[in-house]
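# Descriptive analysis of the structure
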Amino acid sequence: EALVLLTSRAKKWLLMECEKQLWNRVSVAPYQRNEHDVGLDEETAPRIMTCCWGPGNPATTFVMLDSSGELLD
């Protein structure tokens, strides 16, 4: 019984730690374009992966944006 309790607590703690790490990675300031990003072609320009969370269906969506904020196919 002690093993089950300790395992359950460890899983909950690990889940909370993973949540914190994920949140710290995705909750950052908006991407700031550098002046040298403007003249780059599409292959070498930076791309941004963004997450939109909400109660809809699907509840969470990940999309790729180009350095201008336009949605990539």
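Check the entry above for the structure.
None of the values given here were measured: they were computed from a predicted structure.

## Thoughts on a nonpolar patch on the surface
- Together, M49, F62, M64 and L72 make up a nonpolar patch on the protein surface, roughly 390 Å² of accessible area in all.
- Mapping M64 onto the fold places it in strand β2 (residues 60-66).
- Overall, the relative accessible area of 35% leaves M64 in the partly exposed class.

## Describing the environment of R47
- By the element assignment, R47 lies in strand β1 (residues 47-53).
- Taking the C-alpha atoms as reference, R47 lies 9.1 Å from S68; in sequence the two are 21 residues apart.

## Side note on the pairing of β1
- In this sheet, β2 lies alongside β1 in antiparallel orientation, the contact comprising 7 bridges. Following the sheet pairing, R47 is matched in β2 by D66.
- The antiparallel hairpin formed by β1 and β2 contains 6 residues in its connecting segment.

## Concerning the layout of surface pockets
- Taken as a whole, the largest pocket spans an internal volume of roughly 540 Å³.
- Among the elements of the structure, α1 (2-26), β1 and β2 are those that each provide at least two residues to the lining of the largest pocket.

## Quick notes on the pattern of salt bridges
- This structure, assessed with the given rule, holds 1 salt bridge.
- K20 is the partner of E17 in a salt bridge, and the nearest nitrogen-oxygen pair spans 3.1 Å. In this pair, E17 and K20 both sit in helix α1, 3 residues apart, roughly one turn of the helix.

The rules behind each value
Residues numbered from 1 in each chain as written. Predicted model: local features only at pLDDT ≥ 70, side-chain atom pairs only at ≥ 80, totals over all residues. Heavy atoms only, no water. Patch = residues over 30% accessible without salt bridge, like charges linked within 9 Å, V, L, I, M, F, W, Y side chains within 5 Å. Areas by Shrake-Rupley, 256 points an atom, 1.4 Å probe, with all protein chains shown as cover. Salt bridge = Lys/Arg side-chain N within 4 Å of Asp/Glu carboxyl O. Helix = DSSP H or I, 4+ residues; strand = E, 2+ residues; numbered from the N terminus. Buried < 20%, exposed > 50% of the residue type's maximum accessible area, 1.4 Å probe, protein only. Pairing = 2+ DSSP bridges. 1 Å grid on protein atoms, 1.4 Å probe; cavity = no way out; pocket = protein on both sides within 12 Å on 5 of 7 lines; lining within 4 Å. Points joined across faces, edges and corners; volume = space filled by probe spheres on them.

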